2 protein chains.
Amino acid sequence: MKTTKFLMIAMTCVAGLCAALPASAQFAKPEDAVKYRKASFTVMATHFGRIAAMAQGKVPFDAAAATANAEVVAVMAMLPYSAFPEGTHGTEKGSPKANVWSERAKFDAAAKTMQGEVVKLVAAARSNNLDALKAAVGNTGKTCKACHDNFRNE
Amino acid sequence: MKTTKFLMIAMTCVAGLCAALPASAQFAKPEDAVKYRKASFTVMATHFGRIAAMAQGKVPFDAAAATANAEVVAVMAMLPYSAFPEGTHGTEKGSPKANVWSERAKFDAAAKTMQGEVVKLVAAARSNNLDALKAAVGNTGKTCKACHDNFRNE
């Protein structure tokens, strides 16, 4: 119930952001976009990492903590993709490859797939079922990896 | 209505995070905490800046965009304060001063004041009233500045 409400509102929020702030026009300078997208990935990865640690048995399973972390992931997952203006690819580890732009539809689809798995991650966390959480962490992690393998310098 | 729901859930979320992950114990290394808190402030400042630009007449007022941005600010506002482990003060511009820890109760109170103003910022954005938004941006900005003046190397 709470999950549904949260996600509906989060989706409304992102829809508002996307509609009102198309493409990368909202960043004054490309370096601002780069800083912002790195920051949003950092926050997302931190909170996803805490859930993954539970799934891997490194820390005790706590459904409330998993849910809180998953909800932060769900918000963060929607933010970085408006912050890839043309010309901000790189060659150093962690930077995006040029095919983010030459294969933009594929990149956007990969982002959407990840966001869909994150919705399921929130539901799994709320279900208070460790096996469900493990499965959702695995599926979400695969979407992270798929995008990194295709679009990020490793 | 949506605001209330969003904030109730966001508050539930942060309460979960705070309860489950006290203090700074959730970061393996102090530098992870520093990177995370900087990242969350970067994302928060980006979205607050977009609302401030509307309040200042630099971009057209758009209540839906203001609301979406304010909701992101509301989530981000709750994140950084678990990421100030002892010993992570500095002297360079933007780093926290040592009194974050020697006056921790005052620091935490300042954070709470800001979070309270951000709740009002979301409500003002949703009200579709530019004057209300301007007032809320001003009040929120004052809480940012007060904390920076007291606790941050400028």
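Criteria and cut-off values
Within each chain, residue numbers correspond to sequence positions counted from 1 in written order. Just so you know, chain letters begin at A and ligand numbers begin at 1, following the order they were written in. With pLDDT at 70 or above as the cut-off, local features in this predicted model cover only qualifying residues; side-chain atom pairs require 80 or more to be listed or tallied, and sums for whole chains, interfaces and linings still use all residues. In computing side-chain values, all of the structure's heavy atoms are included and hydrogens and water are not. Secondary structure elements are taken from DSSP: a helix is a run of H or I of four residues or more, a strand is a run of E of two residues or more, and numbering for both begins at the N terminus. Categorising residues by exposure relies on relative accessible area from a 1.4 Å probe, with only protein chains included: less than 20% of the type maximum marks a residue as buried, more than 50% marks it as exposed, and the intermediate range marks it as partly exposed. Each accessible area value is a Shrake-Rupley result obtained with a 1.4 Å probe; residue values ignore everything except the protein chains displayed when judging cover. In this analysis, axes come from line fits to C-alpha atoms, helices being fitted only over the stretch in contact, and the angle between any two N-to-C directions falls in the range 0 to 180 degrees. For classification purposes, an angle smaller than 35 degrees is called roughly parallel, one larger than 145 roughly antiparallel, one from 65 to 115 roughly perpendicular, and anything else oblique. Two helices that cross are described as forming a left-handed crossing if the nearer one is turned anticlockwise from the farther one by less than a right angle, and a right-handed crossing if clockwise. Note on contacts: a residue pair is in contact if any heavy atoms of the two residues lie within 4.5 Å. Stacked, edge-to-face and tilted are the three classes for Phe, Tyr and Trp ring pairs, Trp counted by its six-membered ring, which pair at centre distances within 6.5 Å; planes under 30 degrees apart are stacked, over 60 edge-to-face, the rest tilted. Whenever a carboxyl oxygen of Asp or Glu lies within 4 Å of a side-chain nitrogen of Lys or Arg, that contact is scored as a salt bridge. Any N or O atom pair separated by 3.5 Å or less is treated as a polar contact, with the protein-specific requirement of one donor-capable and one acceptor-capable atom, and with residues adjacent in sequence counted only for side-chain atom pairs.

*Asks:* Talk me through the overall build of chain A; I want residue IDs and the actual numbers.
*Replies:* Within chain A one finds six helices and zero strands. Helices and strands in chain A line up, N terminus first, as α-α-α-α-α-α. For chain A, buried positions account for 50% of its 154 residues. Accessible surface, chain A as shown: approximately 7200 Å² in total, 60% of it carbon and sulfur.

*Asks:* Give me the packing of helix 2 (residues 30–55) of chain B against helix 6 (residues 130–151) of chain B: which residues, what numbers.
*Replies:* Residue and element names in this part refer to chain B. One can describe the packing of helix 2 onto helix 6 by two numbers: an axis separation of 9 Å at closest approach and a directional angle of 130 degrees. Relative to helix 6, helix 2 is oriented oblique. Handedness of the helix 2/helix 6 crossing: left-handed. Residues Phe48, Ile51, Ala52, Met54 and Ala55 of helix 2 touch helix 6, and the partners they reach there are Leu130, Leu133, Lys134, Val137, Thr140 and Gly141.

*Asks:* Give a detailed account of the packing of aromatic side chains, specifying residues and quantitative values.
*Replies:* Residue and element names in this part refer to chain A. Overall, the coordinates contain 16 aromatic pairs over all chains when judged by the stated rule. Summarising the aromatic geometry, the rings of Tyr81 and Phe107 are spaced 5.7 Å apart at their centres and angled 65 degrees between planes, so their arrangement reads as edge-to-face. Linking Tyr81 in the loop between helix 3 (63–76) and helix 4 (99–102) with Phe107 in helix 5 (residues 104–126), this pair joins segments that are 26 residues apart in sequence. Look at Tyr81 and you get buried, because its relative accessible area is 14%. A ring pair is formed by Phe84 and Phe107, whose centres lie 5.0 Å apart and whose planes are at 65 degrees; its orientation type is edge-to-face. Placement of the pair is Phe84 in the loop between helix 3 and helix 4 and Phe107 in helix 5, with a sequence separation of 23 residues.

*Asks:* Quick rundown of the pattern of salt bridges? Include the residues and the values.
*Replies:* Side chains that differ in sign of charge can pair as their charged atoms come close. Residues and elements named next belong to chain A. Enumeration according to the criterion identifies 12 salt bridges over all chains in this entry. Two residues, Asp108 and Arg104, come together in a salt bridge whose shortest N-O distance is 3.0 Å. Of the two residues, Asp108 and Arg104 both sit in helix 5, four residues apart, roughly one turn of that helix.

*Asks:* Quick one: what's the story with the side chain of B:Ser95, residue by residue and with numbers?
*Replies:* Residues and elements named next belong to chain B. Considering the arrangement of structural elements, one finds Ser95 in the loop between helix 3 (63–76) and helix 4 (99–102). At a separation of 3.4 Å, a polar atom in the side chain of Ser95 contacts the main-chain amide nitrogen of Thr91. With sequence-adjacent residues up to four places away left out, Ser95 is seen in contact with Gly90, Phe151, Arg152 and Asn153.

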